[in-house]
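Here is what each chain is made of, one letter per residue.
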Amino acid sequence: MSLGGLVKRFDTKLAVAGVSLEVPAGSFYGLLGPNGAGKTTTLSMAVGLLRPDEGRALLLGYDVWADPTAAKARLGVLPDGVRLFDRLTGPELLGYHGLLRGMDAATVDQRARELLEVLELGAGNRTLVVDYSAGMKKKIGLACALLHAPRLLVLDEPFEAVDPVSAALIRDILQRYVAGGGTVVFSSHVMEIVERLCDHVAIMSSGVLRMHGPLDQVRGDKSLEEVFVQVVGGRVATGSELAWL
Amino acid sequence: MTGKVGAWPFVRLKLRLTANGLRGRSSRIALFVLGALFAGFFAIVGYSSFAIPGVADSLFAAESALPLGGAALVLGWLFLPLVFFGVDESLDPARFALLPLHRRTLITGLFAAALAGLPALATLVASAGMVDTVARLGGPAAAGVQAVGILLGLLLCVAVSRAVTSAFATALRSRRSRDLAAISLALLAAAIGPLQLAALAGAQRADWDTVASVSRVVAWTPLGAPYSIGLDVAAGRAWQVPLKLLISLAAIAALLWWWSRTVESAMVGTAGSSTNRTSASTRSPVDLLLLRWAPRTRFGALVSREIRYWWRDARRRANLITFSIASLFLPISLAVSTSSPGGTTIFVGVLAALALANQFGFDGTAYAANITTGVPGRVEINARAVAHAIYTIPMLLATATLIAVLSADPARLAGTLGLLLAAYGVGLGLVLPLSIRAAYALPDTPNPFAMSSGGGAAKGFLTLAVLLAGVVVSLPLQLIALFTAPVWLWIGLPAGIAYGAAGYLIGSGIAADQLDKRMPELLAAVTPNR
Ligand SMILES: Nc1ncnc2c1ncn2[C@@H]1O[C@H](COP(=O)(O)OP(=O)(O)OP(=O)(O)O)[C@@H](O)[C@H]1O
Ligand SMILES: [Mg+2]
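Residues numbered from 1 in each chain as written. Chains lettered and ligands numbered in written order. Predicted model: local features only at pLDDT ≥ 70, side-chain atom pairs only at ≥ 80, totals over all residues. Heavy atoms only, no water.

### Some words on the overall build of chain A
For chain A, the count of helices and strands is nine helices and 10 strands. Taken against the 2.2 N^0.38 rule, which gives 18 Å for 245 residues, the C-alpha radius of gyration of chain A at 19 Å falls within 12% of a compact globule. Across its three principal directions, the C-alpha atoms of chain A cover 60 × 50 × 40 Å. Burial analysis of chain A (245 residues in total) assigns 54% to the buried set. Taking all contacts inside chain A whose residues are at least 6 apart in sequence as the whole, residues at least 24 apart take part in 65%. Per element, the accessible surface of chain A, about 10300 Å² overall, is 52% carbon and sulfur. Taking the average location of the 25 positive side-chain charges in chain A and that of its 28 negative ones, the two points are 4 Å from each other. (Helix = DSSP H or I, 4+ residues; strand = E, 2+ residues; numbered from the N terminus. Rg over C-alpha atoms; globule rule 2.2 N^0.38 Å. Buried < 20%, exposed > 50% of the residue type's maximum accessible area, 1.4 Å probe, protein only. Contact = heavy atoms within 4.5 Å. Areas by Shrake-Rupley, 256 points an atom, 1.4 Å probe, with all protein chains shown as cover. Lys, Arg positive; Asp, Glu negative; His and termini not counted. Charge placed at Lys NZ, Arg CZ, Asp CG, Glu CD.)

Structure (structure tokens):
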């Protein structure tokens with residue numbers, strides 16, 4: 001994935017101010033940043049959900065905005081803050097995504113069943129996705145992104161609201177996927193997961209990339225959390241405020 | 001810890017939300033302005049009609065017109081939100097669930113906020129025409145009493161619309177009462193037909209004594225009571241005023257009490273959200289999704305999902321139900337009132353297509369899935385139209401049959417069906433491009449009648465524009481049908497299908513092109529305010 005000078009302005013607010021990022025094929029890329037840094041906005045522009053004011057996004061060499069069909073066919077997305085077609089049941093939803101991707105029905109069935117079993121959502125579960133818990137919704141969203149075995153995965157906060165066992169499971173799935181030659185880009189607030197999984201990281205704040213590169217190079221000899229706080233420049237302790245609490 | 005909270009913060013919050021919703025979005029500002037023009041137009045027309053009896057200096061006319069006109073206002077507030085416009089729920093009661101507010105405070109506040117809006121303002125201005133009339137007939141004292149009356153009337157209108165939509169929303173959500181609610185909603189929508197009929201029949205016969213006696217009765221019901229008190233003073237029956245005030249106040253209080261009950265259950269979410277079928281299924285995921293006859297392709301998946309959504313989504317279901325009832329009752333009401341059914345058929349056909357006017361708004365952000373999977377515009381548009389047609393065409397067939405039976409002329413069936421299908425096709429051709437260019441976000445609440453502010457105006461305006469355009473575009477066919485009446489019996493069906501198909505093909509082609517170019521913009525348009 002290659003982003004070149006992406007800019008997005010909402011009203012007068014500059015949400016993303018020229019982000020350029022090279023994600024090497026086969027890498028496990030973590031995107032970090034405080035709330036409101038512009039991670040969701042950047043990833044949305046990268047996958048074709050939000051039209052950038054300037055800049056371009058290449059996915060595996062195909063321009064998302066010029067050649068969307070080719071780019072999207074090779075891409076799996078887990079957007080954040082976006083609903084699923086949640087009045088379908090889990091299996092129905094996977095069937096829907098599979099057929100939309102143009103896969104043949106037998107493959108869809110077989111993969112959907114496997115994904116539902118592995119993610120412990122139940123292949124015969126007839127609860128509508130609206131009635132799932134937050135973590136289950138994340139998991140079914142992830143399953144939808146994985147179903148067509150894309151070469152590139154873009155995941156916005158895949159570990160949010162997911163329990164530790166499922167998180168370990170997802171980590172394992174993603175690691176195997178990268179080992180098999182896939183590329184993963186994901187945003188997260190959980191430093192341990194990023195440190196454990198990623199070989200590359202980028203830190204954003206206020207719509208600008210502050211730091212990016214291989215994990216060891218970004219981290220140096222400190223912990224990732226220390227680097228993050230230092231780069232972003234937030235406060236981590238309270239002074240005399242909130243005394244009434 | 002909690003200070004005294006009045007109604008004012010709620011009103012301010014609502015106005016602030018409305019203003020923020022408009023900020024920097026030129027399309028929404030345009031819609032808001034259109035809505036304001038609409039409201040202004042209604043206010044002026046209403047004011048002048050209610051002022052006529054005073055200008056004509058006729059107490060008799062005033063005594064017929066004011067209570068009936070007032071009752072029409074109240075009924076309008078009852079029906080229009082349910083059937084057409086929805087209610088502005090920019091203040092979603094569920095958002096207040098965690099605040100330490102008494103129920104009384106909350107209801108007062110929400111009520112005050114509901115009053116702060118264009119529809120309420122327009123209604124107030126329109127009914128001020130009654131004060132004008134009463135002032136000319138009975139002097140300042142009577143006018144003062146009537147002013148109190150129209151204020152009470154406004155409270156009644158708003159209370160009715162809130163209480164009824166909220167009750168229906170709650171009932172439609174709960175598994176137990178959902179079907180009952182659907183049926184009573186349908187019956188309520190159906191009541192529009194007979195009401196229209198009565199009004200038409202009354203107007204046609206123009207027997208003013210009958211009208212006056214109906215009006216006298218209405219003046220003693222909560223519908224007309226608040227609007228008649230000034231006249232009572234003018235006519236020297238001041239003793240009736242306290243009684244009628246009591247009737248009005250009791251009605252308002254009862255409605256607010258009812259509303260507070262349903263709001264409470266909406267806030268704590270007692271109603272189970274949807275069917276919770278626990279029994280596991282062994283069928284394969286694709287078989288579960290697809291309907292039996294659907295092809296195992298992208299198109300089949302889209303159509304099957306749409307068909308399931310028309311039934312599973314409360315908003316869409318309410319839409320289908322009201323249309324199916326309207327499609328049966330409009331022909332009946334017109335058949336009874338002797339006018340030519342040609343216009344009605346066109347109207348019903350276009351009305352059917354209108355359900356798709358904000359089809360992407362129904363999906364909201366879920367539409368992102370179709371963008372990331374790269375569904376081409378043409379496939380998307382055609383699949384949605386096919387799914388809707390699968391529900392609609394049987395209903396149109398029923399309408400045609402009904403018209404043929406009522407006119408005791410079974411031979412007309414084919415020709416009428418031809419006109420209906422032509423109008424439906426033309427309607428789709430108009431509505432599909434609109435559904436992309438004029439999509440708007442629906443609020444993220446389980447209330448199927450909820451509208452974000454401005455949404456109601458948008459919907460009303462679009463509805464009217466499409467109906468007009470649909471009638472105009474179908475006019476040539478209607479004229480042909482009229483002039484070739486004997487032959488039309490035979491060529492009507494194929495000609496109608498051809499006309500409708502042509503309309504559909506042109507419109508859906510434009511819509512598909514638009515969609516291919518504007519997917520992200522469409523997604524942004526249907527994303528609820530954040
Ligand atoms: N549709 C929108 N309209 C206006 N402003 C927006 C919109 N979407 C995002 N923003 C603004 O853009 C900025 C970046 O938001 P974004 O959602 O990309 O942040 P984020 O890094 O994903 O944050 P988080 O970690 O909380 O998910 C924020 O200041 C936000 O207020
Ligand atoms: Mg985000």
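### With respect to the overall build of chain B
A count of helices and strands for chain B gives 19 helices and two strands. The buried share of chain B, taken over its 530 residues, is 51%. As displayed, chain B offers around 23100 Å² of accessible surface, 71% of which is attributable to carbon and sulfur atoms.

### Side note on the UniProt feature "domain: ABC transporter" (unreviewed entry) in chain A
With numbering aligned to this structure, UniProt lists the feature "domain: ABC transporter" (unreviewed entry) at residues 1–231 of chain A. Annotation note: span residues 1–231 of chain A, helix share 39%, strand share 26%, distance between end C-alpha atoms 24 Å. (UniProt positions renumbered as here; feature names shortened; annotations may be inferred.)

### A word on the pairing of strand 3 (residues 28–32) of chain A
Residue and element names in this part refer to chain A. Most of strand 3 is tucked away, with five of its five residues classed as buried. Where strand 3 and strand 8 (residues 183–187) come together, four bridges link them in parallel fashion. Along strand 8, the bridge assignment pairs phenylalanine 28 with valine 184. (Pairing = 2+ DSSP bridges.)

### Focus on the interface of chain A and chain B
If you look at the interface, chain A gives 36 residues, while chain B gives 46 residues. A buried area of about 3800 Å², summed over both sides, lies between chain A and chain B, and 58% of it is on carbon and sulfur atoms. Together, Phe85, Leu100 and Arg126 of chain A form the three largest contributors to the area buried by chain A at its contact with chain B, with a combined 20%. Viewed at the interface, chain B and chain A are joined by two salt bridges. If you look at where chain A meets chain B, you find 13 residue pairs in polar contact (both at pLDDT 80 or more). Put simply, the parts of the chain that give the side of chain A that touches chain B at least two residues each are helix 3 (90–100) and helix 4 (105–118) of chain A. Classifying every residue of the side of chain A that touches chain B by side-chain character gives 17 nonpolar, seven polar and 12 charged. (Buried area = accessible area lost by both parts, 1.4 Å probe. Salt bridge = Lys/Arg side-chain N within 4 Å of Asp/Glu carboxyl O. Polar contact = N/O pair within 3.5 Å; in protein donor to acceptor, adjacent residues only side chain to side chain. Nonpolar A, V, L, I, M, F, W, Y, C, P; charged D, E, K, R; others polar.)

### Description of a nonpolar patch on the surface
A cluster of nonpolar side chains, contributed by Val471, Leu475, Leu479, Leu482 and Phe483 of chain B, occupies part of the molecular surface with about 500 Å² of accessible area. Note that leucine 475 of chain B resides in helix 18 (residues 455–483). (Patch = residues over 30% accessible without salt bridge, like charges linked within 9 Å, V, L, I, M, F, W, Y side chains within 5 Å.)

### Remarks on the nonpolar core
Ranked by size, the top nonpolar core spans 80 residues in total, and within it Met1 of chain A together with Tyr367, Leu428 and Leu515 of chain B carry the most contacts. The biggest single contributor to this core is helix 17 (residues 412–437) of chain B, with 11 residues. Contacts of methionine 1 of chain A, omitting those with residues within four sequence positions, involve Leu21, Glu22, Val23, Ala46, Leu58, Leu59, Leu152, Val154 and Val185 of chain A. If you look at the next biggest cluster of nonpolar residues, it comprises 68 residues, including Leu100, Leu142 and Val162 of chain A together with Tyr309 of chain B. (Core = buried A, V, L, I, M, F, W, Y, C linked by side-chain atoms within 4.5 Å.)

### Looking at the pairing of strand 8 of chain A
Residue and element names in this part refer to chain A. In terms of residue burial, strand 8 counts as a mostly covered element, since five of its five residues are buried. Neither face of strand 8 is exposed, since Thr183, Val185 and Ser187 on one face and Val184 and Phe186 on the opposite face are all buried. For strand 7 (residues 152–156) and strand 8, the ladder comprises five bridges, and the chain directions are parallel. Following the sheet pairing, leucine 152 is matched in strand 8 by threonine 183. Crossover connection from strand 7 via helix 6 (residues 164–179) to parallel strand 8: handedness right-handed. (Right-handed = clockwise from strand over helix to strand, strands pointing away.)

### Things to note about the packing of helix 17 of chain B against helix 19 (residues 485–526) of chain B
All names here are of chain B. Where helix 17 meets helix 19, the axes come as close as 7 Å, and the angle between the chain directions of the two elements is 10 degrees. Our classification of the angle between helix 17 and helix 19 gives roughly parallel. Its residues placed into classes, the contact of helix 17 with helix 19 shows 20 nonpolar, 12 polar and three charged. (Axes fitted to C-alpha atoms, helices over the stretch in contact; angles between N-to-C directions. Parallel < 35°, antiparallel > 145°, perpendicular 65-115°, else oblique.)

### Some points on the side chain of lysine 39 of chain A
All names here are of chain A. Here lysine 39 shows up in helix 1 (residues 39–47). Although lysine 39 is buried, it forms no salt bridge, and the closest oppositely charged side chain is glutamate 157 at an N-O distance of 4.8 Å. Beyond its immediate stretch of four places on either side in the chain, lysine 39 contacts Leu31, Leu32, Gly33, Pro34, Glu157, Ser187, His189 and Met204.

### With respect to the sheet that holds strand 3 of chain A
All names here are of chain A. Here we have six strands laid out as an open sheet, ordered 6-7-8-3-9-10, and mixed in their pairing. The open sheet has two edge strands, strand 6 (75–78) and strand 10 (208–214), and neither has a second partner. For this sheet the average axis-to-axis angle between neighbouring strands, irrespective of direction, equals 10 degrees. Bridging between strand 9 (residues 200–205) and strand 10 involves six bridges; their strand directions are antiparallel. Counted as the bridge partner of serine 205 is valine 208 from strand 10. Running at roughly 150 degrees to strand 7, helix 1 makes contact with strand 3, strand 6, strand 7, strand 8 and strand 9 of the sheet. Across the sheet, helix 9 (residues 224–232) lies against strand 3, strand 9 and strand 10, angled at about 30 degrees from strand 9, the strand it touches most.

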